[in-house]
Amino acid sequence: MDIRKLVKKEVSDLKAYNAKGIPCRIKLDANESPFGFADAVKRIAGIKTNRYPDPEAKALKRLIAKDLEVKPENILFGNGSDELIYYLITTFGGPVSYPVPTFAMYGIIGQALGEKKIEIPLDKDFDLDVDRFLTVIAREKPGLLFLSSPNNPTGNCFSTDRILKIIEASQGIIVVDEAYQPFSGEAGMLPLLKDYRNLVIMRTLSKIGLAALRVGFMIADPEIINEVNKVRLPFNLNSFSQAVAAAALKQKKEFRISVETIVSERERLLEEMEMIEGITPFPSEANFILFRMEDPDFIYAALLKKGILVRNVKDAVKGCLRVTAGTPKENTAFLKALKEIARCFAQER
Ligand SMILES: *Cc1c(COP(=O)(O)O)cnc(C)c1O
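Residues numbered from 1 in each chain as written. Predicted model: local features only at pLDDT ≥ 70, side-chain atom pairs only at ≥ 80, totals over all residues. Heavy atoms only, no water.

Caption draft 1: Spatial organisation of the environment of Ala40. Relative to the elements of secondary structure, Ala40 occurs in helix H3 (residues 38–42). Placed 210 residues apart in sequence, Ala40 and Lys250 show a C-alpha to C-alpha distance of 9.2 Å. (Helix = DSSP H or I, 4+ residues; strand = E, 2+ residues; numbered from the N terminus.)

See the structure below:
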(Lines give C-alpha, C1' and ligand atoms only; values in the text may rest on other atoms or scores of the structure.)
Protein backbone atom coordinates (compact mmCIF):
# COMPACT_ATOMS: atom_id res chain seq x y z
CA MET A 1 0.00 0.00 0.00
CA ASP A 2 1.34 3.43 -0.95
CA ILE A 3 0.72 5.59 2.13
CA ARG A 4 1.78 8.78 0.32
CA LYS A 5 -1.25 8.32 -1.97
CA LEU A 6 -3.58 8.36 1.05
CA VAL A 7 -2.25 11.70 2.29
CA LYS A 8 -3.95 14.99 1.36
CA LYS A 9 -2.04 16.66 -1.46
CA GLU A 10 -1.37 19.82 0.55
CA VAL A 11 0.32 17.74 3.24
CA SER A 12 2.22 15.40 0.94
CA ASP A 13 3.69 18.44 -0.84
CA LEU A 14 4.94 19.92 2.45
CA LYS A 15 8.43 19.73 3.86
CA ALA A 16 8.47 19.32 7.66
CA TYR A 17 9.81 22.26 9.64
CA ASN A 18 13.48 21.55 10.19
CA ALA A 19 13.94 21.40 13.96
CA LYS A 20 16.31 18.47 14.28
CA GLY A 21 19.08 18.77 16.83
CA ILE A 22 22.57 19.20 15.39
CA PRO A 23 25.26 18.33 17.98
CA CYS A 24 27.33 21.36 18.94
CA ARG A 25 29.24 22.98 21.80
CA ILE A 26 27.67 26.44 21.58
CA LYS A 27 24.04 26.56 20.45
CA LEU A 28 23.15 29.88 18.82
CA ASP A 29 20.67 28.69 16.17
CA ALA A 30 17.15 28.71 17.64
CA ASN A 31 16.65 32.14 19.27
CA GLU A 32 16.40 30.57 22.72
CA SER A 33 17.54 32.49 25.77
CA PRO A 34 20.82 31.30 27.27
CA PHE A 35 19.30 32.00 30.71
CA GLY A 36 16.86 29.46 32.19
CA PHE A 37 14.66 29.35 35.30
CA ALA A 38 15.71 26.13 37.04
CA ASP A 39 14.47 27.39 40.44
CA ALA A 40 10.90 27.60 39.17
CA VAL A 41 10.93 23.88 38.34
CA LYS A 42 11.75 23.03 41.95
CA ARG A 43 8.68 24.86 43.22
CA ILE A 44 6.00 22.74 41.52
CA ALA A 45 6.22 19.50 43.52
CA GLY A 46 2.53 19.70 44.51
CA ILE A 47 1.09 18.94 41.08
CA LYS A 48 -1.58 16.23 40.98
CA THR A 49 -0.53 13.89 38.20
CA ASN A 50 -3.90 12.09 38.19
CA ARG A 51 -5.91 15.23 37.35
CA TYR A 52 -6.29 16.98 34.02
CA PRO A 53 -4.73 20.44 33.85
CA ASP A 54 -6.82 23.57 34.33
CA PRO A 55 -8.29 23.88 30.81
CA GLU A 56 -8.30 27.67 31.05
CA ALA A 57 -4.93 28.07 32.81
CA LYS A 58 -6.64 30.63 35.04
CA ALA A 59 -3.78 31.35 37.45
CA LEU A 60 -1.25 31.91 34.68
CA LYS A 61 -3.77 33.95 32.71
CA ARG A 62 -4.41 36.29 35.65
CA LEU A 63 -0.68 36.79 36.12
CA ILE A 64 -0.01 37.66 32.48
CA ALA A 65 -3.14 39.84 32.21
CA LYS A 66 -1.95 41.88 35.18
CA ASP A 67 1.55 42.27 33.75
CA LEU A 68 0.22 43.43 30.37
CA GLU A 69 -2.62 45.50 31.83
CA VAL A 70 -5.31 43.65 29.89
CA LYS A 71 -8.25 41.54 31.09
CA PRO A 72 -8.03 37.73 31.42
CA GLU A 73 -10.86 37.62 28.80
CA ASN A 74 -8.40 39.13 26.31
CA ILE A 75 -5.99 36.17 26.55
CA LEU A 76 -5.91 32.67 25.05
CA PHE A 77 -3.05 30.19 25.49
CA GLY A 78 -1.49 27.87 22.96
CA ASN A 79 1.02 25.06 23.34
CA GLY A 80 3.53 27.52 21.99
CA SER A 81 2.37 30.29 19.68
CA ASP A 82 2.82 27.77 16.86
CA GLU A 83 -0.38 26.12 18.05
CA LEU A 84 -2.19 29.44 18.03
CA ILE A 85 -1.27 29.86 14.37
CA TYR A 86 -3.07 26.53 13.76
CA TYR A 87 -6.08 27.68 15.74
CA LEU A 88 -6.28 31.08 14.06
CA ILE A 89 -6.17 29.61 10.56
CA THR A 90 -8.68 26.90 11.54
CA THR A 91 -11.01 29.57 12.94
CA PHE A 92 -10.80 32.30 10.31
CA GLY A 93 -9.60 30.50 7.16
CA GLY A 94 -7.63 31.99 4.30
CA PRO A 95 -6.31 33.19 2.08
CA VAL A 96 -3.36 33.46 4.47
CA SER A 97 -1.01 36.31 3.61
CA TYR A 98 2.36 37.34 5.07
CA PRO A 99 5.51 39.14 4.02
CA VAL A 100 8.60 37.15 3.04
CA PRO A 101 11.12 36.38 4.36
CA THR A 102 9.42 35.63 7.67
CA PHE A 103 8.68 32.88 10.18
CA ALA A 104 8.07 29.61 8.29
CA MET A 105 5.09 28.31 10.26
CA TYR A 106 2.49 30.70 8.77
CA GLY A 107 3.06 29.11 5.36
CA ILE A 108 3.44 25.51 6.58
CA ILE A 109 0.24 25.55 8.65
CA GLY A 110 -1.68 27.53 6.02
CA GLN A 111 -0.82 24.91 3.43
CA ALA A 112 -1.51 21.97 5.76
CA LEU A 113 -4.99 23.35 6.36
CA GLY A 114 -5.57 23.69 2.62
CA GLU A 115 -5.64 27.50 2.52
CA LYS A 116 -4.29 29.65 -0.29
CA LYS A 117 -1.00 31.34 0.67
CA ILE A 118 -0.11 34.82 -0.56
CA GLU A 119 3.51 35.82 0.04
CA ILE A 120 4.45 39.48 -0.32
CA PRO A 121 8.17 40.35 -0.54
CA LEU A 122 9.52 42.90 1.95
CA ASP A 123 11.13 46.02 0.51
CA LYS A 124 14.90 46.52 0.37
CA ASP A 125 14.98 47.74 4.00
CA PHE A 126 13.05 44.62 5.12
CA ASP A 127 9.98 46.81 5.76
CA LEU A 128 6.41 46.15 4.59
CA ASP A 129 5.58 47.00 0.98
CA VAL A 130 2.28 48.72 1.76
CA ASP A 131 1.17 49.18 -1.86
CA ARG A 132 1.46 45.48 -2.58
CA PHE A 133 -0.36 44.62 0.64
CA LEU A 134 -3.19 47.01 -0.26
CA THR A 135 -3.47 45.44 -3.72
CA VAL A 136 -3.63 41.94 -2.26
CA ILE A 137 -6.15 43.02 0.38
CA ALA A 138 -8.42 44.57 -2.28
CA ARG A 139 -8.09 41.71 -4.75
CA GLU A 140 -7.84 38.57 -2.59
CA LYS A 141 -9.47 39.59 0.70
CA PRO A 142 -7.17 37.53 2.96
CA GLY A 143 -8.92 36.03 5.97
CA LEU A 144 -5.67 36.35 7.89
CA LEU A 145 -2.54 38.44 7.63
CA PHE A 146 0.50 37.50 9.72
CA LEU A 147 3.09 40.18 10.51
CA SER A 148 6.04 39.15 12.68
CA SER A 149 7.38 42.35 14.27
CA PRO A 150 10.24 42.24 15.17
CA ASN A 151 10.50 39.98 12.13
CA ASN A 152 12.25 36.62 12.14
CA PRO A 153 14.80 36.23 10.50
CA THR A 154 15.50 39.88 9.57
CA GLY A 155 15.36 41.24 13.16
CA ASN A 156 13.74 44.61 12.40
CA CYS A 157 10.35 45.96 13.47
CA PHE A 158 7.99 46.99 10.68
CA SER A 159 7.04 50.69 10.72
CA THR A 160 3.96 51.26 12.83
CA ASP A 161 2.36 53.58 10.27
CA ARG A 162 2.63 50.84 7.62
CA ILE A 163 1.14 48.22 9.95
CA LEU A 164 -1.73 50.61 10.71
CA LYS A 165 -2.43 51.27 7.01
CA ILE A 166 -2.70 47.51 6.49
CA ILE A 167 -4.95 47.01 9.54
CA GLU A 168 -7.21 49.83 8.41
CA ALA A 169 -7.55 48.46 4.87
CA SER A 170 -8.13 44.85 5.86
CA GLN A 171 -11.55 43.22 6.19
CA GLY A 172 -9.89 40.18 7.80
CA ILE A 173 -7.86 39.49 10.92
CA ILE A 174 -4.35 40.95 11.33
CA VAL A 175 -2.04 38.98 13.59
CA VAL A 176 1.01 40.86 14.80
CA ASP A 177 3.38 38.18 16.08
CA GLU A 178 5.42 39.83 18.83
CA ALA A 179 7.53 36.82 19.82
CA TYR A 180 10.58 39.14 20.17
CA GLN A 181 8.86 42.22 21.65
CA PRO A 182 10.67 41.95 25.03
CA PHE A 183 13.97 42.72 23.24
CA SER A 184 12.64 45.63 21.22
CA GLY A 185 13.08 49.33 21.93
CA GLU A 186 9.78 50.03 20.19
CA ALA A 187 6.38 50.06 21.87
CA GLY A 188 4.74 47.24 19.91
CA MET A 189 1.03 47.07 19.13
CA LEU A 190 -0.46 46.37 22.56
CA PRO A 191 -1.32 50.05 23.25
CA LEU A 192 -3.31 50.06 19.96
CA LEU A 193 -5.31 46.91 20.65
CA LYS A 194 -8.38 48.78 21.90
CA ASP A 195 -8.58 50.80 18.68
CA TYR A 196 -8.76 47.86 16.25
CA ARG A 197 -11.17 44.98 16.76
CA ASN A 198 -9.56 42.87 14.01
CA LEU A 199 -6.09 43.02 15.61
CA VAL A 200 -4.57 39.98 17.33
CA ILE A 201 -1.24 40.17 19.15
CA MET A 202 0.74 36.99 19.66
CA ARG A 203 3.41 36.58 22.34
CA THR A 204 5.41 33.65 23.65
CA LEU A 205 7.55 32.72 26.65
CA SER A 206 9.85 30.72 24.36
CA LYS A 207 12.39 33.45 23.58
CA ILE A 208 12.73 34.68 27.18
CA GLY A 209 14.02 31.56 28.87
CA LEU A 210 11.05 29.14 28.88
CA ALA A 211 11.16 27.45 25.46
CA ALA A 212 10.91 24.03 27.10
CA LEU A 213 7.43 24.79 28.47
CA ARG A 214 5.67 25.56 25.17
CA VAL A 215 3.61 28.52 26.33
CA GLY A 216 2.37 31.03 23.79
CA PHE A 217 -0.61 33.34 24.06
CA MET A 218 -2.69 35.72 22.03
CA ILE A 219 -4.23 38.98 23.15
CA ALA A 220 -7.35 40.17 21.36
CA ASP A 221 -10.96 41.30 21.64
CA PRO A 222 -12.96 38.81 23.80
CA GLU A 223 -15.17 38.00 20.80
CA ILE A 224 -12.12 36.80 18.85
CA ILE A 225 -10.89 34.88 21.91
CA ASN A 226 -14.30 33.14 22.23
CA GLU A 227 -14.32 32.03 18.60
CA VAL A 228 -10.74 30.72 18.61
CA ASN A 229 -11.42 28.99 21.93
CA LYS A 230 -13.98 26.77 20.14
CA VAL A 231 -11.21 25.06 18.13
CA ARG A 232 -8.69 24.92 20.99
CA LEU A 233 -8.02 21.43 22.34
CA PRO A 234 -9.37 21.48 25.91
CA PHE A 235 -6.16 20.61 27.78
CA ASN A 236 -3.59 22.11 25.44
CA LEU A 237 -1.47 23.57 28.23
CA ASN A 238 -0.25 20.89 30.64
CA SER A 239 -0.15 21.35 34.40
CA PHE A 240 3.64 21.41 34.59
CA SER A 241 3.99 24.18 32.03
CA GLN A 242 1.27 26.24 33.68
CA ALA A 243 2.89 25.91 37.10
CA VAL A 244 6.51 26.47 36.06
CA ALA A 245 5.55 29.45 33.89
CA ALA A 246 3.63 31.05 36.77
CA ALA A 247 6.52 30.47 39.17
CA ALA A 248 9.08 31.83 36.71
CA LEU A 249 7.03 34.92 35.77
CA LYS A 250 7.05 35.96 39.42
CA GLN A 251 10.84 36.30 39.18
CA LYS A 252 10.52 39.73 37.64
CA LYS A 253 14.03 40.86 38.46
CA GLU A 254 15.63 37.76 36.86
CA PHE A 255 13.58 38.30 33.71
CA ARG A 256 14.55 41.93 33.49
CA ILE A 257 18.25 41.22 33.97
CA SER A 258 18.27 38.38 31.44
CA VAL A 259 16.55 40.50 28.78
CA GLU A 260 18.84 43.47 29.47
CA THR A 261 21.90 41.23 29.20
CA ILE A 262 20.72 39.75 25.91
CA VAL A 263 19.99 43.21 24.47
CA SER A 264 23.41 44.57 25.42
CA GLU A 265 25.09 41.43 24.06
CA ARG A 266 23.14 41.83 20.82
CA GLU A 267 24.50 45.37 20.48
CA ARG A 268 28.03 44.16 21.19
CA LEU A 269 27.66 41.41 18.57
CA LEU A 270 26.46 43.99 16.04
CA GLU A 271 29.34 46.41 16.70
CA GLU A 272 32.01 43.74 16.56
CA MET A 273 30.57 42.00 13.51
CA GLU A 274 30.47 45.34 11.68
CA MET A 275 34.26 45.45 11.96
CA ILE A 276 34.85 42.02 10.40
CA GLU A 277 35.81 42.25 6.75
CA GLY A 278 33.38 40.47 4.44
CA ILE A 279 30.59 40.34 7.06
CA THR A 280 27.55 42.64 6.96
CA PRO A 281 25.35 42.39 10.06
CA PHE A 282 21.89 43.99 10.12
CA PRO A 283 20.62 45.98 13.14
CA SER A 284 18.13 44.02 15.23
CA GLU A 285 15.28 44.60 17.69
CA ALA A 286 15.24 40.88 18.58
CA ASN A 287 17.58 38.42 20.33
CA PHE A 288 19.43 37.47 17.15
CA ILE A 289 21.38 39.07 14.33
CA LEU A 290 21.09 38.40 10.64
CA PHE A 291 24.39 38.74 8.76
CA ARG A 292 25.35 38.59 5.12
CA MET A 293 28.53 37.28 3.51
CA GLU A 294 29.78 35.96 0.21
CA ASP A 295 29.70 32.24 1.04
CA PRO A 296 27.27 31.45 3.89
CA ASP A 297 27.61 27.67 3.43
CA PHE A 298 31.38 27.89 3.95
CA ILE A 299 31.09 30.10 7.04
CA TYR A 300 28.26 27.96 8.47
CA ALA A 301 30.27 24.76 8.10
CA ALA A 302 33.48 26.35 9.43
CA LEU A 303 31.65 27.64 12.54
CA LEU A 304 30.09 24.22 13.15
CA LYS A 305 33.51 22.62 12.84
CA LYS A 306 34.50 24.81 15.78
CA GLY A 307 31.42 23.58 17.66
CA ILE A 308 29.30 26.71 17.08
CA LEU A 309 25.83 26.22 15.64
CA VAL A 310 24.07 29.14 13.93
CA ARG A 311 21.09 29.04 11.55
CA ASN A 312 21.64 28.95 7.82
CA VAL A 313 18.85 31.11 6.40
CA LYS A 314 20.33 31.65 2.93
CA ASP A 315 17.26 30.07 1.29
CA ALA A 316 15.09 32.77 2.87
CA VAL A 317 17.54 35.71 2.71
CA LYS A 318 20.26 35.62 0.08
CA GLY A 319 23.76 35.11 1.49
CA CYS A 320 22.66 35.20 5.12
CA LEU A 321 23.12 33.36 8.39
CA ARG A 322 21.38 34.13 11.69
CA VAL A 323 23.06 34.03 15.09
CA THR A 324 21.22 34.08 18.43
CA ALA A 325 22.70 36.17 21.25
CA GLY A 326 24.03 33.70 23.82
CA THR A 327 25.84 34.25 27.10
CA PRO A 328 28.68 36.83 27.00
CA LYS A 329 31.18 33.95 26.98
CA GLU A 330 29.42 32.14 24.12
CA ASN A 331 29.22 35.34 22.09
CA THR A 332 32.92 36.03 22.62
CA ALA A 333 33.72 32.52 21.38
CA PHE A 334 31.46 33.06 18.36
CA LEU A 335 33.09 36.40 17.50
CA LYS A 336 36.59 34.96 17.82
CA ALA A 337 35.68 32.03 15.56
CA LEU A 338 33.96 34.24 13.00
CA LYS A 339 36.97 36.58 12.84
CA GLU A 340 39.34 33.67 12.27
CA ILE A 341 37.15 32.11 9.59
CA ALA A 342 36.58 35.41 7.79
CA ARG A 343 40.33 36.07 7.75
CA CYS A 344 41.02 32.60 6.26
CA PHE A 345 38.28 33.12 3.71
CA ALA A 346 39.74 36.49 2.63
CA GLN A 347 43.22 34.96 2.29
CA GLU A 348 42.07 32.00 0.22
CA ARG A 349 40.69 34.26 -2.48
C1 LIG B 1 9.99 31.34 17.68
C2 LIG B 1 8.83 32.01 17.03
C3 LIG B 1 7.52 31.60 17.29
C4 LIG B 1 7.23 30.30 17.98
O5 LIG B 1 7.03 30.44 19.28
P6 LIG B 1 6.55 29.22 20.17
O7 LIG B 1 5.74 29.94 21.20
O8 LIG B 1 7.77 28.59 20.71
O9 LIG B 1 5.72 28.29 19.35
C10 LIG B 1 6.47 32.32 16.76
N11 LIG B 1 6.71 33.37 15.95
C12 LIG B 1 7.94 33.77 15.65
C13 LIG B 1 8.15 34.93 14.75
C14 LIG B 1 9.05 33.09 16.17
O15 LIG B 1 10.28 33.45 15.82
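So that's the structure; there's more coming.
Caption draft 2: Local environment of the domain arrangement of the protein chain. Domain assignment breaks the protein chain into domain 1 (3–30 + 253–348) and domain 2 (39–250). Here the C-alpha centre of domain 2 lies 24 Å away from the C-alpha centre of domain 1. With 24 residues of domain 1 at the interface, the matching set in domain 2 holds 27 residues. When the area that domain 1 buries against domain 2 is broken down by residue, the three leading residues are Tyr17, Phe255 and Glu285, summing to 31%. Joining domain 1 to domain 2, the criterion identifies zero salt bridges. In this assembly, domain 1 and domain 2 are joined by seven residue pairs in polar contact (both at pLDDT 80 or more). Of all elements in the fold, only helix H2 (9–12), helix H11 (252–274) and strand S10 (288–292) reach the threshold of two or more residues within the side of domain 1 that touches domain 2. Broken down by element, the residue count for the side of domain 1 that touches domain 2 peaks at five residues, all from H11. (Domains from an automatic or database assignment. Contact = heavy atoms within 4.5 Å. Buried area = accessible area lost by both parts, 1.4 Å probe. Salt bridge = Lys/Arg side-chain N within 4 Å of Asp/Glu carboxyl O. Polar contact = N/O pair within 3.5 Å; in protein donor to acceptor, adjacent residues only side chain to side chain.)

Caption draft 3: Just the nonpolar core, in detail. Leu60, Phe77, Met273, Phe291 and Phe334 are the most contacted members of the largest nonpolar core, which totals 87 residues. Each of two domains, domain 1 (3–30 + 253–348) and domain 2 (39–250), supplies a minimum of three residues to this core. Apart from residues lying up to four places away in sequence, Phe334 is in contact with Leu28, Leu269, Met273, Phe291, Leu303, Ile308, Val310 and Val323. Among the nonpolar cores identified, the runner-up in size contains 24 residues, and Leu84, Leu88, Ile89 and Tyr98 belong to it. (Core = buried A, V, L, I, M, F, W, Y, C linked by side-chain atoms within 4.5 Å. Buried < 20%, exposed > 50% of the residue type's maximum accessible area, 1.4 Å probe, protein only.)

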